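Residue-level structural notes
As a plain string of letters, each chain reads:
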Amino acid sequence: MEMSRSSFRLLLLGFLLVSSYAASDSVYDTFVQCLSNHSAPSHQASSIVYAQTNSSFTNVLRSYIRNERFNTSSTPKPLIIVTPSDESQVQAAIICSRDIGILLKIRSGGHDYDGLSYVSDIPFFILDMFNLRSINVNITDETAWVQAGATLGELYYRIWEKSSVHGFPAGVCPTLGVGGHLSGGGYAFSIESPWEKTSFGPSEEVAELALESYCHIRSSLSECPKLLQFFGSRRPWPKTPLT
Ligand SMILES: Cc1cc2nc3c(=O)[nH]c(=O)nc-3n(C[C@H](O)[C@H](O)[C@H](O)COP(=O)(O)OP(=O)(O)OC[C@H]3O[C@@H](n4cnc5c(N)ncnc54)[C@H](O)[C@@H]3O)c2cc1C
């Protein structure tokens, strides 16, 4: 009996799905092995890596997709998601992605407007920082160490716990990731009066780098020359509000 065209298509689709899962499984095995080789023996590599076949894969992927346009079944998916719980695993994940030759996307809060932290047209991994979210506020010297996966809301809260007069002028959306915000995506540097005496600011170097990349990307913005001049002429870190 001749196979109908639609049955043939179904068979082909099934075959393609099976081979894509098999490929993803073999990438998973190679990656986990590599991660074990590069991290401390106490860390179990397989517990932080999600393959497409893992029942939690979709949940982990979608938890930090903050743009619904990319939260669809046709959005390209990563081959694996790595969720380090220790800084050494971040380093190992970067080494392993490079060695295997697969693009690595880093995601902190997932608020990138274009989904750059979790979408790609070529095969990719996600390095998801949500387990790395510790915040250590030192009111005495007015500094804070914050891991990339913390959200702005968590940071505001931890500062509030320690002081009723300090704050961090980063923006109005509490679910933003500190990683993507401080590495250049945040635009709240232009929020009015950001550097009052009672506020924390990012370190001078981080702020300058972020501002330069912001101005580079949005080169048409008229306030950029003024902001850059402001930074250049006011060292150390400005304590007065922008006018
Ligand atoms: C709904 C919404 C509200 C917003 N509100 C504000 C606001 O009030 N104030 C403001 O300043 N900005 C705001 N933004 C802009 C926001 O700050 C940027 O989009 C920022 O990049 C988001 O960071 P994220 O970590 O949440 O995003 P992600 O999508 O996780 O990351 C954004 C980019 O940074 C990269 N990245 C993330 N983490 C790291 C890391 N650890 N190391 C290296 N690269 C990393 C990613 O690969 C991606 O390219 C808003 C954006 C949205 C969508």
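Rules used throughout
- Residues numbered from 1 in each chain as written.
- Predicted model: local features only at pLDDT ≥ 70, side-chain atom pairs only at ≥ 80, totals over all residues.
- Heavy atoms only, no water.
- UniProt positions renumbered as here; feature names shortened; annotations may be inferred.
- Helix = DSSP H or I, 4+ residues; strand = E, 2+ residues; numbered from the N terminus.
- Buried < 20%, exposed > 50% of the residue type's maximum accessible area, 1.4 Å probe, protein only.
- Salt bridge = Lys/Arg side-chain N within 4 Å of Asp/Glu carboxyl O.

Going by what an unreviewed UniProt entry lists, the protein is known as FAD-binding PCMH-type domain-containing protein and is assigned to Vitis vinifera. Under the heading Sequence similarities (unreviewed entry), UniProt records this for the protein: "Belongs to the oxygen-dependent FAD-linked oxidoreductase family." Database annotation for the protein, UniProt heading Cofactor (unreviewed entry): "FAD".

One non-glycine residue, Glu142, lies in positive phi territory at about 55°. Tracing the backbone through its elements, the reader meets Glu142 in the loop between strand S5 (135-138) and strand S6 (143-146). Here Glu142 falls in the partly exposed class, since its relative accessible area comes to 39%.

Taken as a whole and assessed by the stated rule, the structure comprises four salt bridges. Note that Arg107 and Asp128 form a salt bridge whose closest N and O atoms lie 2.7 Å from each other. You can see Arg107 sitting in strand S3 (residues 103-107) and its partner Asp128 sitting in strand S4 (residues 124-128), a full 21 residues away along the chain. As far as the burial class goes, Arg107 and Asp128 line up, both buried. Here Arg133 ties to Glu154 by a salt bridge, and the two come within 2.7 Å at their closest N and O atoms. With a gap of 21 residues between them, Arg133 in the loop between S4 and S5 and Glu154 in helix H4 (residues 152-162) connect regions that are remote in the sequence. For Arg133, a relative accessible area of 27% translates into the label partly exposed. Accessibility expressed as a relative area gives 27% for Glu154, which makes it partly exposed.

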